[in-house]
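Coordinate analysis (summary)
Below, each chain spelled out in residue letters.
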Amino acid sequence: MEPRDGALPGVSDVRQRTLAEPTEGGLVTFSREFAMEHKGVEYLSPDDALVARLRRRLLAGEDGLVGLKLLPFVDHPGITFVYRVGFEDGTGETIQEELVPVFVDLGSQSPRRPIGEQVLAADTVRAKPDSETVRELVESRKALEEAAEAYVANVLSTTKAEITADREAEVEQERENLKAYAQAERERIEAFISEYQQQAAAGQDMEVSIRGQRRRLEELEERVEERKAELERRRQVISLTPEVEGYCLTVHSVSLSSEVDLSWPAILPPHRCDNFRQLSQALAQHIQRV
């Protein structure tokens with residue numbers, strides 16, 4: 001989310017209509033010092049009622065881009081990137097679509113899909129994560145995402161090869177079926193034409209009937225050619241650009257506390273909280289002060 005023209009750094013333009021009651025809002029910040037130095041900017045503490053309501057809204061609504069999970073089976077902190085990948089053919093029909101969760105740990109930056117799938121399916125524990133670890137993840141997001149993107153590119157390449165092989169076999173079978181159908185129809189129409197010509201030779205007026213059958217034969221050839229062109233389009237397998245459905249900061253669960261509940265949905269649809277750094281830093285500040 002880019003700051004609007006003239007906006008102060010570190011300040012958000014909060015309008016209450018995004019919450020429960022649609023009332024007029026203004027400029028706010030999480031920095032006490034910043035609020036003291038700038039007139040007209042309101043300071044919001046981590047335990048402010050507005051912040052608490054916004055946090056509950058995000059958690060309950062499942063409409064954020066960024067998530068946080070604390071899990072006992074994760075040995076090293078990292079980020080789980082959830083990609084939506086898909087393929088379509090030349091006609092625009094979707095062939096396959098799936099979610100690909102990729103966990104990239106902070107230390108080795110090694111992408112691993114099996115752990116990502118575990119993270120996606122698991123429920124977070126009630127715990128207080130280390131705020132410094134959260135900051136490290138936020139600062140390293142770009143490098144971790146590059147590793148995840150390279151992994152997803154390989155997944156796309158492998159999957160596309162498999163789908164292409166299947167689609168080739170499917171299209172060839174349909175072409176064979178089309179060839180058999182066209183030949184049978186062609187022979188049937190030509191048989192009618194031959195019969196009508198014999199009747200015409202015997203003195204009957206069969207000109208209209210013969211013309212009609214020849215028109216049917218031409219229409220058959222046109223339909224066959226159109227179907228062949230469609231099958232060639234279906235033969236094409238196109239990789240769609242992977243879309244990030246959500247980021248999940250993934251941390252080993254330590255220092256259990258019943259005071260902090262940072263449960264976030266497993267799958268978080270995009271485009272609602274699209275400034276990863278701003279949201280994550282605010283979250284880290286909140287964790288540190290709880």
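Please refer to the structure higher up on the page.
Residues numbered from 1 in each chain as written. Predicted model: local features only at pLDDT ≥ 70, side-chain atom pairs only at ≥ 80, totals over all residues. Heavy atoms only, no water.

Observations regarding the overall build of the protein chain
Counted only if it meets this: Numbered from the N terminus, helices here are DSSP runs of H or I no shorter than four residues, and strands are runs of E no shorter than two. Each residue gets one of three labels from its accessible area relative to the maximum for its type: buried under 20%, exposed over 50%, partly exposed in between, using a 1.4 Å probe on protein chains only. A 1.4 Å probe and the Shrake-Rupley method give the accessible areas. Residues count as covered only by the protein chains that appear here.
Scanning the protein chain from N- to C-terminus turns up seven helices and nine strands. Scored against the burial criterion, the 290 residues of the protein chain give a buried share of 37%. Within the structure as shown, the protein chain displays about 16,900 Å² of accessible surface, and the carbon and sulfur contribution to it stands at 48%.

Observations concerning the environment of Ser194
Mapped onto the elements, Ser194 comes out in helix H5 (residues 141-201). Remark: the alpha-carbon pair of Ser194 and Ile210, spanning 16 residues in sequence, is separated by 8.7 Å.

Thoughts on the pattern of salt bridges
What counts is decided by this rule: Here, a salt bridge means any Lys or Arg side-chain nitrogen found within 4 Å of an Asp or Glu carboxyl oxygen.
Going through the model one piece at a time under the given rule, you end up with 22 salt bridges. We note a salt bridge from Arg167 to Glu170, for which the minimum N-O separation is 3.7 Å. Placement of both Arg167 and Glu170 in helix H5 is noted, with a separation of three residues, approximately one turn of the helix. Accessibility expressed as a relative area gives 7% for Arg167, which makes it buried. By relative accessible area, Glu170 is classed as partly exposed at 32%. Between Arg235 and Glu168 there is a salt bridge, with its nearest N and O atoms 2.5 Å apart. Note that Arg235 is positioned in helix H6 (residues 207-235) and Glu168 in helix H5, a separation of 67 residues in sequence. Take Arg235: its relative accessible area is 16%, and that puts it in the buried class.

A closer look at the side chain of Glu145
Heads up, the rule is: In the analysis that follows, any N or O atom pair within 3.5 Å is treated as a polar contact, provided that within protein one partner can donate a hydrogen and the other can accept it, and provided that, for residues neighboring in sequence, both atoms belong to side chains. Contacts are assigned to residue pairs with any non-hydrogen atoms lying within 4.5 Å of each other.
Relative to the helices and strands, Glu145 is located in helix H5. We classify Glu145 as buried; its relative accessible area is 9%. Of note is the side chain of Glu145, whose polar atom sits 2.4 Å from the side chain of Arg141. Sequence-distant contacts of Glu145, that is, excluding residues within four places in its chain, are made with Phe81, Tyr83, Val244 and Tyr247.

Remarks on a negative patch on the surface
Basically, it comes down to this: Patch rule: a residue counts if its relative accessible area is over 30% and it has no salt bridge; like charges are joined within 9 Å, and nonpolar side chains (Val, Leu, Ile, Met, Phe, Trp, Tyr) within 5 Å. Counted charges follow a simple rule, with Lys and Arg positive, Asp and Glu negative, and His plus the chain ends left uncounted. By convention, the charge on Lys lies at NZ, on Arg at CZ, on Asp at CG and on Glu at CD.
Taken together, the side chains of Asp130, Glu132, Glu136 and Glu139 define an acidic patch exposed on the protein surface. Its place among the elements puts Glu132 in helix H4 (residues 131-139).

Focus on the nonpolar core
Rules: Grouping buried Ala, Val, Leu, Ile, Met, Phe, Trp, Tyr and Cys residues that are joined through side-chain atoms within 4.5 Å yields what is termed a nonpolar core.
Of all hydrophobic cores here, the largest spans 27 residues; its most connected members are Ile79, Phe81, Tyr83, Val104, Leu137 and Leu144. Taken together, the elements giving at least two residues each to this core come down to strand E4 (66-71), strand E5 (78-89), strand E6 (94-105), H4, H5 and strand E9 (243-252). What Leu137 contacts, discounting residues up to four positions off in sequence, is Pro77, Gly78, Ile79, Leu106, Leu144, Leu249, Thr250 and Val251.

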